[in-house]
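# Close look at the chain arrangement
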Amino acid sequence: MYSIDEIAALDRNSVLHPFTNLKDYASGAAGGPTIMETGKGVRITDATGREYIDGFAGLYCVNVGYGRTEVAEAIARQAYKLAYYHSYAAHTTEELARLSARLVKMAPGDMSKVFYGMSGSDANETQAKLVWYYNNLRGKPKKKKIIARERGYHGCSVVSGSMTGLNFYHDHMDLPISGILRTGVPHYYWGANEGETEEEFSERRAKELDALIVAEGPDTVGAFIAEPVLGTGGIIPPPAGYWQKIQAVLREHDVLLIADEVITGFGRVGADFGSHLYGIEPDLITVAKGLTAAYVPLSACIVGKRVYEVMEEGSAKVGSFSHGYTYSGHPIGAAAANAVLDIVENEQLATKAASRGAYMLSSLKKAFAQLPIVGEVRGVGMLAAVEFVADRDSKTRFDPALKIGARISQAARDRNLIARAMPHGEILGFAPPLVMTEAEIDEMVGIASAAVKQVMDELV
Ligand code: PLP
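Here we summarise the structure given alongside this text. For clarity, every value in this text was computed on a predicted model and none was experimentally measured.

Cut-offs and rules
Residues numbered from 1 in each chain as written. Predicted model: local features only at pLDDT ≥ 70, side-chain atom pairs only at ≥ 80, totals over all residues. Heavy atoms only, no water. Helix = DSSP H or I, 4+ residues; strand = E, 2+ residues; numbered from the N terminus. Rg over C-alpha atoms; globule rule 2.2 N^0.38 Å. Buried < 20%, exposed > 50% of the residue type's maximum accessible area, 1.4 Å probe, protein only. Contact = heavy atoms within 4.5 Å. Polar contact = N/O pair within 3.5 Å; in protein donor to acceptor, adjacent residues only side chain to side chain. Salt bridge = Lys/Arg side-chain N within 4 Å of Asp/Glu carboxyl O. Phe/Tyr/Trp six-rings, centres within 6.5 Å; stacked < 30°, edge-to-face > 60°. Lys NZ or Arg CZ within 6 Å of the ring centre and 35° of its normal. Pairing = 2+ DSSP bridges. Arc of directions from axis to C-beta. Near = heavy atom within 4 Å. Areas by Shrake-Rupley, 256 points an atom, 1.4 Å probe, with all protein chains shown as cover. Nonpolar A, V, L, I, M, F, W, Y, C, P; charged D, E, K, R; others polar. Disulfide = S-S within 2.5 Å.

When you go through the chain residue by residue, the secondary structure sums to 16 helices and 15 strands. Since a compact globule built from 460 residues should have a radius of gyration of about 23 Å, the 22 Å found for the chain is in line with a globular shape. In the chain, buried positions account for 52% of the 460 residues. Put simply, 71% of the contacts in the chain that link residues at least 6 apart link residues at least 24 apart.

Shown next as structure tokens:
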């Protein structure tokens, strides 16, 4: 057994942490590391014995809560039986075949096959290749550009990072690559013109998309990728009519729709998928996070009939589908996913997320909507955000140097609540495990209120 200090020293000397200021961590100025040790339900405990409410389910992923022994047992069973075999050249396992049939059946749209990876980023990398492959096979070799949205988040590998519409994921990393186009974020609060209705705003965004495709040439645009509810860019549910209008434009120009359901899949928004909630009919769907509730890494691209049929037909000409990872369709990942989906179904977590999410949103509105530093409280299902502004009447933003979002998140953390300061803007995000009870929601909102009050008091 290592002591806390020994673990900290080992970590500081040897771990390259994602999204961490390296100099501050190396010098100790940033504090940490926080050594996480155990979890049960919506709570996690660090090595000092301090218990936190996890109001963000890790990174919006531990949807079934921590410490689910059913999932651990399913993982162990598969590990004892057969820990690994690959899925190249038509090899499979029972868990993988079962999971795939299940995903095709539960997914929105007209789906056909499932391809597996380990992360949302690599799955979106695969989606880009599928779009290129599909258009090569059907004799449209120029139809390759992919349109993504400002503030969309699709990962941080080379193509997925380029799809991501947040500059700090690009800076100093030579991204974005060429061939990725950008269109506007559907955030009514900041983006609407004076007097514009949500429908009119959605119409304007759809017209912008249409104009972009026409300007580039529809025969050069292969796909549009978007999250049903924009996530890391600020937790922004779409304005009324948005998805209907966007899909009409895509259909007109024969542009594929990739629904990035990495956050919104498997109940998070109060429906099986975000696409169900908003009437989206995707050609390709990306899932990860909630698929295994992060008990082990697993992601998937669910491929629609329209794309798959061209691929199957094309293999007569070009041979094997030459794409795949050592760990594609990993049996332990598949076993974990089946166990997690059993919980999601048996405990009706999508339905619960709808009703508890409504309770969470109304509690957050009650606590925050009238505060002078709150511009908007928004959300859907178990996904919500509070956006802070210096002046709500004139919609004046806070000086970023004040780091309001980060300070509020820290004040919550000091009170043993994890709520995420979203990386863009002054926004506090909530995405707790879907199993969170109303009493736990009350506790979470109470702590968040105290944290906001502390920072408000510091401002006067
Ligand atoms: N797509 C969306 C919508 C996400 O929210 C994320 C991660 O937060 C990703 C893709 C990337 O997933 P990963 O971090 O597993 O690579």
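After presenting the structure, the write-up continues.
Another aspect to go through is the side chain of Gln247. Mapped onto the elements of the fold, Gln247 is located in helix α10 (residues 242-252). Owing to a relative accessible area of 4%, Gln247 belongs among the buried residues under this scheme. Separated by 3.0 Å, the side chain of Gln247 and the backbone oxygen of Gly279 make a polar contact. Not counting residues up to four positions away in its chain, the partners in contact with Gln247 are Leu257, Gly279, Ile280 and Glu281.

A separate point is the pattern of salt bridges. Considering all chains together, one arrives at 22 salt bridges under this definition. The shortest N-O distance in the salt bridge between Arg68 and Glu347 comes to 2.6 Å. With Arg68 in the loop between α3 (57-60) and α4 (69-82) and Glu347 in the loop between α13 (331-346) and α14 (349-368), this residue pair connects regions lying 279 residues apart in the sequence. Its salt-bridge partner being Glu458, residue Arg407 comes within 2.9 Å of it at the nearest N-O pair. Of this pair, Arg407 sits in helix α15 (residues 404-414) while Glu458 sits in helix α16 (residues 438-459), placing them 51 residues apart in sequence.

Right, let's talk about the packing of aromatic side chains for a bit. What the rule picks out here adds up to 14 aromatic pairs. Seen from their ring centres, Phe56 and Tyr60 are 4.4 Å apart, and the 50 degrees between their planes marks the pair as tilted. Accessibility classification places Phe56 together with Tyr60 in one group, the buried group. Ring centres of Tyr153 and Tyr169 lie 4.9 Å apart, and the angle between their planes is 45 degrees; on these two criteria the pair is classed as tilted. Of this pair, Tyr153 sits in the loop between β5 (145-149) and α7 (158-163) while Tyr169 is found in the loop between α7 and β6 (180-183), placing the two residues 16 residues apart along the sequence. Residue Tyr153 shares its accessibility class with Tyr169, and that shared class is buried. Taken together, the aromatic side chains of Phe19, Tyr153, Phe168 and Tyr169 make up a single cluster linked through ring pairs. Over the face of the ring belonging to Tyr25 we find Arg12, whose NZ or CZ atom lies 4.7 Å from the ring centre.

This paragraph deals with the sheet that holds strand β2 (residues 43-46). A sheet is described by the order of its strands in space; here four strands give the open sequence β1-β2-β3-β13, paired in mixed fashion. The open sheet terminates on both sides in strands that have one partner only, identified here as β1 (36-40) and β13 (417-418). The pairing of β1 with β2 spans four bridges and is classified as antiparallel. Each bridged residue has a counterpart across the sheet, and for Met36 the counterpart in β2 is Asp46.

Buried within α15 are the following residues: Ile404, Gly405, Ile408, Ser409, Ala411 and Ala412. For α15, the buried positions fall inside an angular range of 160 degrees around the axis, keeping them on one side. Packing partners of the buried residues in α15 comprise β12 (384-388), β13, β14 (420-421), β15 (427-430) and α16. Taken from the residues just after α15, Asn416 is the one with a positive phi, measuring 70 degrees.

In the region of the ligand, the neighbouring residues are Ser119, Gly120, Ser121, Asn124, Tyr153, His154, Gly155, Glu227, Asp260, Val262, Ile263 and Lys289. The separation between a nitrogen atom of the ligand and a polar main-chain atom of Tyr153 is 3.5 Å. For the ligand, the accessible surface in isolation is 390 Å², of which the surrounding protein chains cover 83%. Ranked by residue count, the leading element in the shell around the ligand is helix α6 (residues 120-137), at three residues. Looking at the shell around the ligand residue by residue, the classes come out as three nonpolar, six polar and three charged.

As a further point, take the side chain of Asn63. Mapped onto the elements of the fold, Asn63 is located in the loop between α3 and α4. A distance of 2.7 Å separates polar atoms of two side chains, one belonging to Asn63 and the other to Arg268. Those residues within four positions of Asn63 in sequence are excluded, and the remaining contacts are Gly265, Phe266, Arg268, Gly290, Ala293, Leu349, Pro433, Leu434 and Val435.

Moving on: the state of the cysteines. Applying the stated criterion to the full structure yields zero disulfides. Between Cys61, a free cysteine, and Cys156, which holds the nearest cysteine sulfur, the sulfur-to-sulfur gap is 14 Å. Just so you know, Cys301 is unpaired, no disulfide at all, and the nearest cysteine sulfur is the one on Cys156, 16 Å from it. A residue is classified by how much of its surface remains accessible, and Cys301, at 1% relative accessible area, is buried.

Turning our eyes to something else, we now look at the environment of Gln247. Along the chain, Gln247 and Ile280 lie 33 residues apart, while their C-alpha atoms are 7.6 Å from each other. Of note is the side chain of Gln247, whose polar atom sits 2.8 Å from the backbone nitrogen of Glu281.

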